[in-house]
Amino acid sequence: MKFYVYVYSDPADDTPFYVGMGKGNRKFAHLREAKNNPEPIQGQHKLNKIRKIIREGRAPVIATVYETDDRDAALEFECSLIASIGRQDQRPDHSQHDS
């Protein structure tokens, strides 16, 4: 079973704004959620950023940056990437990783 780490970036300047870990089609779940619920909601930085990009007629860049069969290795990579990007408002949400 392949796990992967993915990054959402703003297409205007390639600035990453979200790092996640999953398998299957997980990396597209945030895009679907933002499209299905287009109104901004306080406290939803990731989804509000995706909504804003969509309203501007663009699509976020979604890049797979790491793949492995080892779930723990993927989690470790995700955490280190979040730390290196410096996002203080993002903490790994491991409750959704198997989606």
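Our subject in this report is the structure included herewith. Just so you know, these numbers come straight off a predicted model, no measurement behind them. (Residues numbered from 1 in each chain as written. Predicted model: local features only at pLDDT ≥ 70, side-chain atom pairs only at ≥ 80, totals over all residues. Heavy atoms only, no water.)

**Here's the deal with the packing of helix α1 (residues 26–36) against helix α2 (residues 45–55)**
Now for step 1: Where α1 meets α2, the closest approach of the two axes is 9 Å, and the angle between their N-to-C directions is 70 degrees. In terms of their interaxial angle, α1 and α2 are classed as roughly perpendicular. Crossing geometry of α1 relative to α2 is assigned as right-handed. Here His30, Leu31, Glu33, Ala34 and Lys35 of α1 come into contact with α2, specifically with Lys46, Leu47, Ile50, Arg51 and Ile54. (Axes fitted to C-alpha atoms, helices over the stretch in contact; angles between N-to-C directions. Helix = DSSP H or I, 4+ residues; strand = E, 2+ residues; numbered from the N terminus. Parallel < 35°, antiparallel > 145°, perpendicular 65-115°, else oblique. Left-handed = near helix turned anticlockwise from the far one by under 90°. Contact = heavy atoms within 4.5 Å.)

**Let's talk about the pattern of salt bridges**
Now for step 1: What the rule picks out here adds up to four salt bridges.
Now for step 2: With its nearest N and O atoms 2.8 Å apart, the salt bridge here joins lysine 52 to glutamate 56.
Now for step 3: Overlapping salt bridges, with partners in common, bring together Asp10, Lys49, Lys52, Glu56 and Arg58 in one network. (Salt bridge = Lys/Arg side-chain N within 4 Å of Asp/Glu carboxyl O.)

**Regarding the packing of aromatic side chains**
Now for step 1: All told, the structure shown has six aromatic pairs when counted by the stated rule.
Now for step 2: For the pair tyrosine 8 and tyrosine 18, a centre-to-centre distance of 6.3 Å together with 80 degrees between the ring planes defines the contact as edge-to-face. A residue pair is termed long-range when its members are at least 10 positions apart, and tyrosine 8 in strand β1 (residues 3–9) and tyrosine 18 in strand β2 (residues 16–22) qualify at ten residues.
Now for step 3: The buried category is assigned to tyrosine 18, whose relative accessible area is 12%.
Now for step 4: Joined through ring pairs, the aromatic side chains of Tyr4, Tyr6, Tyr8, Phe17 and Tyr18 make up one cluster.
Now for step 5: For lysine 49, the ring lying beneath its charged end belongs to phenylalanine 17, and the centroid distance is 6.0 Å. (Phe/Tyr/Trp six-rings, centres within 6.5 Å; stacked < 30°, edge-to-face > 60°. Buried < 20%, exposed > 50% of the residue type's maximum accessible area, 1.4 Å probe, protein only. Lys NZ or Arg CZ within 6 Å of the ring centre and 35° of its normal.)

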